[in-house]
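Fold and geometry: a report
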Amino acid sequence: EVQLVESGGGLVQVGGSLRLSCVASGFSFADYTIAWFRQAPGKEREGISCISNSDGTPFYVDSVKGRFTISSDKAKNTAYLQMNSLKPEDTAVYYCAAEDFAGQSFEEGDYENWGQGTQVTVSS
C-alpha cells in the first residue's frame, strides 16, 4: 500500500522556520517525483515545490523561492521541506505528493499519491 506520512507542522512566529517531513512507503521512492502542495483557508490547493528523485533537481514557485528548500533522502525514503523566513500568508495545510514520473509538475492532477496534510500556522 502506498503511504505518505507527514510531520513537522505547527505554530511559528513571523520570520521563523519549520521543517516538514514526508516518509514514503509502499513504492519505489527512488523512481518518483515528490512535490509539496499547500491549501490556505478559502483557497485552492497550490503546488509550491517539487523534486525529481532521478536527478535531485528542485523546483519552486515564485512565492516560496529563496525561502523554502525541498530535499530528498533516498536512504530514508523521506522528503523534506525546509521553510525559512515564514510569513502569515504561508499559513496553510501542507501536503506531500508523489508520482512515478521524472521532472517538474505543480499540477494537482498529475499526482496520485498524497499525504494526510499537516497544519502550518504563522502568527503575526
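Quick summary incoming for the structure in this document.

Cut-offs applied
- Residues numbered from 1 in each chain as written.
- Predicted model: local features only at pLDDT ≥ 70, side-chain atom pairs only at ≥ 80, totals over all residues.
- Heavy atoms only, no water.
- Salt bridge = Lys/Arg side-chain N within 4 Å of Asp/Glu carboxyl O.
- Helix = DSSP H or I, 4+ residues; strand = E, 2+ residues; numbered from the N terminus.
- Buried < 20%, exposed > 50% of the residue type's maximum accessible area, 1.4 Å probe, protein only.
- Polar contact = N/O pair within 3.5 Å; in protein donor to acceptor, adjacent residues only side chain to side chain.
- Contact = heavy atoms within 4.5 Å.

1. A short note on the pattern of salt bridges
- Enumeration according to the criterion identifies five salt bridges in this entry.
- Between arginine 67 and aspartate 90 there is a salt bridge, with the nearest N and O atoms lying 2.7 Å from each other. Of this pair, arginine 67 sits in the loop between strand S6 (58-60) and strand S7 (68-73) while aspartate 90 is found in the loop between strand S8 (78-83) and strand S9 (92-99), placing the two residues 23 residues apart along the sequence.
- Classification of arginine 67 by relative accessible area gives buried; the value is 11%.
- Look at the salt bridges and you will find they share partners, linking Arg38, Glu46, Arg67 and Asp90 into a network.

2. What about the side chain of threonine 91?
- Of note, threonine 91 is situated in the loop between S8 and S9.
- Within the structure, the side chain of threonine 91 is placed 3.0 Å from the backbone oxygen of proline 88, a separation counted as a polar contact.
- Of note is the side chain of threonine 91, whose polar atom sits 2.9 Å from the backbone nitrogen of valine 122.
- Not counting the four nearest positions on each side in its chain, threonine 91 is found in contact with Ala40, Pro41, Gln119, Val120, Thr121 and Val122.

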